[in-house]
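Structural characterization, general
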Amino acid sequence: MASLSEAAPARYPRLSRLLHWLTVILVLSTIPAGLIMVQEGLSRPLQNSLFLYHKNIGPVILILVVLRIVVRLLKPAPPLPASLSRPQVIAAEAVHGLLYLTLIVMAVSGIIRVQAGGFPMEFWDPFIGGMVAKSESLADTAKAVHHYARYVIIALIFAHVGAAAMHGLIKRDGVFSRMWPPV
């Protein structure tokens, strides 16, 4: 007879799963929007719509990430299966930590780039408008940070999704089911 832990793997709390999948949806929609919106020859209305979406979703992602960190501190992650080697555990912890850090860097650098560049954040201006003074040099620095961090976030997403797929489809060791289903 299987033990309870084998029959039902430990899962993240429902709120953690919901915040995770909301973050996934928003991040995976802002990446293509961000890549497309800077392309030459794009119609102005489409470009404006993509910029509007991209810069106003960034703070939402930041809020979700901060909430995820708070929830994680209050309700720690369920234990990983004992079958994972120490290097796998270290890699998983590193990728998760770097994902959180890079998502924060992306959102903050985006907000600074927009505000220091003198551009509006239509939805957010009433709440955080004017936090950063107009400064072309600061805007350029934030733009560079945002630009290079995108490569890091894309690589981390590939690593995270690859590991999740390996655990969910090949190993079937309960790691994937800790975060699935979303609610």
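Residues numbered from 1 in each chain as written. Predicted model: local features only at pLDDT ≥ 70, side-chain atom pairs only at ≥ 80, totals over all residues. Heavy atoms only, no water.

What follows covers the overall build of the protein. Tallying secondary structure elements over the protein gives six helices and zero strands in all. In terms of overall dimensions, the protein has a C-alpha envelope of 65 × 35 × 30 Å along the principal axes. Taking contacts inside the protein between residues at least 6 apart in sequence as the whole, the part at least 24 apart equals 73%. With the model as given, the accessible surface of the protein reaches about 11,100 Å², and the carbon-plus-sulfur share is 72%. When the 16 positive and 8 negative side-chain charges of the protein are each reduced to one mean point, those points stand 8 Å apart. (Helix = DSSP H or I, 4+ residues; strand = E, 2+ residues; numbered from the N terminus. Contact = heavy atoms within 4.5 Å. Areas by Shrake-Rupley, 256 points an atom, 1.4 Å probe, with all protein chains shown as cover. Lys, Arg positive; Asp, Glu negative; His and termini not counted. Charge placed at Lys NZ, Arg CZ, Asp CG, Glu CD.)

Let's shift gears to the confidence of the model for the protein. When pLDDT is averaged along the protein, the result is 93; 95% of the residues meet or exceed 70. Counted against residues more than four places away or in other chains, residues 1-5, with its pLDDT under 50, gives zero contacts. (pLDDT = per-residue confidence, 0-100.)

Attention shifts here to the packing of aromatic side chains. This structure, assessed with the given rule, holds five aromatic pairs. Their ring planes at 80° and their centres at 5.3 Å tell us that Trp 21 and Trp 180 sit as a pair that is edge-to-face. Of this pair, Trp 21 sits in helix 2 (residues 14-37) while Trp 180 is found in the segment after helix 6 (136-171), placing the two residues 159 residues apart along the sequence. Residues Phe 176 and Trp 180 carry aromatic rings whose centres are separated by 6.0 Å and whose planes lie at 25° to one another, so their mutual orientation is stacked. Joined through ring pairs, the aromatic side chains of Trp 21, Phe 176 and Trp 180 make up one cluster. (Phe/Tyr/Trp six-rings, centres within 6.5 Å; stacked < 30°, edge-to-face > 60°.)

Cis geometry marks the peptide bond from Trp 180 to Pro 181, where omega comes out at 5°. Its place among the elements puts Pro 181 in the segment after helix 6.

Before going further, it helps to spend a moment on a nonpolar patch on the surface. Judged by side-chain polarity, Leu 15, Leu 18, Leu 22 and Val 183 come together as a nonpolar surface patch covering roughly 330 Å² of accessible area. Here Val 183 shows up in the segment after helix 6. (Patch = residues over 30% accessible without salt bridge, like charges linked within 9 Å, V, L, I, M, F, W, Y side chains within 5 Å. Salt bridge = Lys/Arg side-chain N within 4 Å of Asp/Glu carboxyl O.)

It is worth spelling out the nonpolar core at this point. Across soluble globular proteins, nonpolar side chains show a tendency to be buried alongside one another. Of all hydrophobic cores here, the largest spans 15 residues; its most connected members are Ile 61, Leu 99 and Leu 103. Contributing elements (two or more residues each) for this core: helix 2, helix 3 (44-74), helix 4 (86-116) and helix 6. Top element by residues in this core is helix 3. It accounts for five residues. Sequence-distant contacts of Leu 103, defined by excluding residues within four places in its chain, comprise Thr 23, Val 27, Ile 61, Val 65 and Ile 153. With seven residues, the next largest nonpolar core counts Ile 111, Val 114, Trp 124 and Ile 128 among its residues. (Core = buried A, V, L, I, M, F, W, Y, C linked by side-chain atoms within 4.5 Å. Buried < 20%, exposed > 50% of the residue type's maximum accessible area, 1.4 Å probe, protein only.)

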